[in-house]
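Notes for the structure review
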Amino acid sequence: MCIRDSLRVNYKFQYRHKSQMFEFFTTFLPTAISAFPVLLLLAVIFWHKASGRRFMRRMRLLRKKIHKHWTGNPSVHIIRVQEEYTFSLYGRGSAEIYVKIIMPSHEKKPHVKDCIPFLPPFHRGALIDEISASHRLMYNAFPLTRCHCLVTTKEFVDQGTKVTANDLAAALLAMKALKGCAFYNSAPEAGSSQRHKHLQLVPYSAFRYGFIPIETLINSLKRNLKGQLFTLPEFKFKHAFYMFEKVVTSKLIDEIVRERAEILERHYEELLKHLGNEDRRMPYNLIITRKWMFVVLRRKERIKDSIKINALSFLGSFMVNSKEDLKLFPAKTPLDALLDVTYPCLLYT
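All values reported here derive from a predicted model rather than from experimental measurement.

Further remarks concern the pattern of salt bridges. Where charged atoms from two side chains of opposite charge come close, those side chains can pair. Evaluation of the coordinates by the stated rule reveals 12 salt bridges. Taking the shortest distance from any N to any O, the salt bridge between Asp167 and Lys197 comes out at 2.6 Å. In this pair, Asp167 sits in helix α2 (residues 165–178) while Lys197 sits in the loop between β6 (180–185) and β7 (198–203), placing the two residues 30 residues apart along the sequence. With a relative accessible area of 3%, Asp167 lands in the buried category. Between Glu262 and Arg258 there is a salt bridge, with its nearest N and O atoms 3.2 Å apart. On the criterion of helical spacing, the pair formed by Glu262 and Arg258 is a turn pair, its members being four residues apart in helix α4 (residues 254–274). Linked by salt bridges that have partners in common, Glu130, Arg136 and Lys154 make up one network.

Our next topic: the sheet that holds β6. Spatial ordering of the open sheet is given by β3-β4-β5-β7-β6-β10-β11-β9-β8, a layout of nine strands whose pairing is antiparallel. Each end of this open sheet is capped by a strand with a single partner; those strands are β3 (127–130) and β8 (229–230). Where α2 meets the sheet, its contacts fall on β4 (135–139), β5 (149–153), β6, β7 and β10 (284–288), and the angle it forms with β7 comes to roughly 15 degrees.

Of all hydrophobic cores here, the largest spans 48 residues; its most connected members are Ile66, Leu137, Tyr284, Leu286 and Met293. Broken down by element, this core gets its largest block of residues, 11 residues, from α2. Counting 36 residues, the second-largest nonpolar core is a separate cluster that includes Cys181, Phe207, Leu217 and Leu221.

Below, the discussion takes up a positive patch on the surface. Taken together, Arg53, Arg54, Arg57 and Arg60 make up a surface patch of like positive charges. Here Arg53 shows up in helix α1 (residues 3–68). Owing to a relative accessible area of 45%, Arg53 belongs among the partly exposed residues under this scheme.

Here the protein chain averages 80 in pLDDT, and 73% of its residues register 70 or above. Confidence scores differ between elements of the protein chain, with strand β2 (residues 96–102) showing the lowest mean pLDDT of 57 and β10 the highest of 97. Between residues 6–13, whose pLDDT stays under 50, and residues either more than four places distant or in other chains, the model counts one contact. Considering only residues more than four positions removed or in separate chains, one finds that residues 110–114, a stretch of pLDDT under 50, has one contact.

We now examine the packing of aromatic side chains. The final tally for this structure, using the stated rule, is 12 aromatic pairs. Aromatic pair Tyr184 and Tyr284: ring centres 6.0 Å apart, planes at 50 degrees, arrangement tilted. Taken together, the positions of Tyr184 in strand β6 and Tyr284 in strand β10 put the pair 100 residues apart, joining distant regions of the chain. Between Phe241 and Phe294, the aromatic rings sit 4.2 Å apart at their centres with planes inclined by 10 degrees, giving stacked as the arrangement. Of this pair, Phe241 sits in strand β9 (residues 239–243) while Phe294 sits in strand β11 (residues 292–297); the two residues are 53 residues apart in sequence, bridging distant segments of the chain.

Scoring rules and cut-offs
- One numbering rule holds for all chains: residues counted from 1, following each sequence as written.
- Given that this is a predicted model, residues contribute local features only at a pLDDT of at least 70 and side-chain atom pairs are listed and counted only at 80 or more, while totals for whole chains, interfaces and linings are drawn from all residues.
- Calculated side-chain values reflect all of the structure's heavy atoms, with hydrogen atoms and water omitted.
- By definition here, a salt bridge exists when the distance from a side-chain nitrogen of Lys or Arg to a carboxyl oxygen of Asp or Glu is within 4 Å.
- Counting from the N terminus, the helices are DSSP H or I runs at least four residues long and the strands are E runs at least two residues long.
- Relative accessibility thresholds used throughout: buried, under 20% of the residue-type maximum; exposed, over 50%; partly exposed, between the two (1.4 Å probe, protein chains only).
- Following DSSP output, two strands are said to pair if at least two bridges run between them.
- Contact criterion: two residues are considered in contact whenever any of their non-hydrogen atoms come within 4.5 Å of each other.
- With axes taken as lines fitted to C-alpha atoms, and helix axes fitted only over the stretch in contact, angles between N-to-C directions fall between 0 and 180 degrees.
- In this text, buried Ala, Val, Leu, Ile, Met, Phe, Trp, Tyr and Cys residues form a nonpolar core when linked through side-chain atoms within 4.5 Å.
- Patch definition: residues above 30% relative accessible area lacking any salt bridge, with like charges linked at up to 9 Å and the nonpolar side chains Val, Leu, Ile, Met, Phe, Trp and Tyr linked at up to 5 Å.
- To be clear on the numbers: accessible area is Shrake-Rupley with a 1.4 Å probe, and residue cover counts the displayed protein chains and nothing else.
- In this charge count, Lys and Arg are treated as positive and Asp and Glu as negative; neither His nor the chain ends contribute.
- Note that the charge is assigned to NZ on lysines, CZ on arginines, CG on aspartates and CD on glutamates.
- Confidence per residue, as judged by the predictor, is encoded in pLDDT with a range of 0 to 100.
- The pairing test for Phe, Tyr and Trp rings, Trp by its six-membered ring, is centres within 6.5 Å, and the orientation test on the planes gives stacked under 30 degrees, edge-to-face over 60, and tilted for anything in between.

In structure tokens form, the structure reads like this:
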């Protein structure tokens, strides 16, 4: 074959190769471009599911650790229940609420002078885990229920300061792991016994049937409350609820915990403003469940200077030291006893 024929064959090959490449790009490239959003969406879904699996694995490990180290923990002083009484409240229609009265085996907590138990060195068994960069998860030394835990700041912050998004983010993680609700006592008048900032958590299993007693009253309001402030007619004192638009602990992953916490912070501020306490000059209790949050203003700590009231009491769970204290509860409407520690507001609707 002469050089001319060789060049001609090579030219035809290159031409054919370029034609095939052009045909490839003109047919495949538009298809690839149109499929790119779908591929990107699939990648995001895969990443989201992988992130969700990692998050749930972390929550399961934390839940396992909470339950594993509870039994026989030297830092936990169990309050033994001697007797338990139940009052039934019948309100609007078929609404029913159970108010538990439990009796501890000792009248008051042991006092440790000048003790700040939420800073190192900790008592053996007190610390559960570092739940975030700014908060720890610890056992309550004097629990009201099984697996009663605390979310505490790593550095000392006064209990009376505003609840921040960082506090709420750590509380959300603990609520998810423990499958429980969180509450906050802002001052001694609201039931707080420590100046170091902390939120408390109890599992839903601590309540009868795993159901918060006052939710019966909320459910009986029979109107769509999502995204709204509301009050309960049975509570004849200054208070306010906010119903979340969706379950606040559902589909949580690390990337959206902060976003949820900022939403909670905004609703918390709205509740304080609604009650005229945006400057937090009055003590208050804050309760956060998976469906709603609740703020009540406090006047003092004890009913008739006897029964100590904290946030759990507003959910329908009281603790007394003797049978004589039971007489302080009105037989027909035990929740009316809370009027003694709050700000009555008869026109509150």
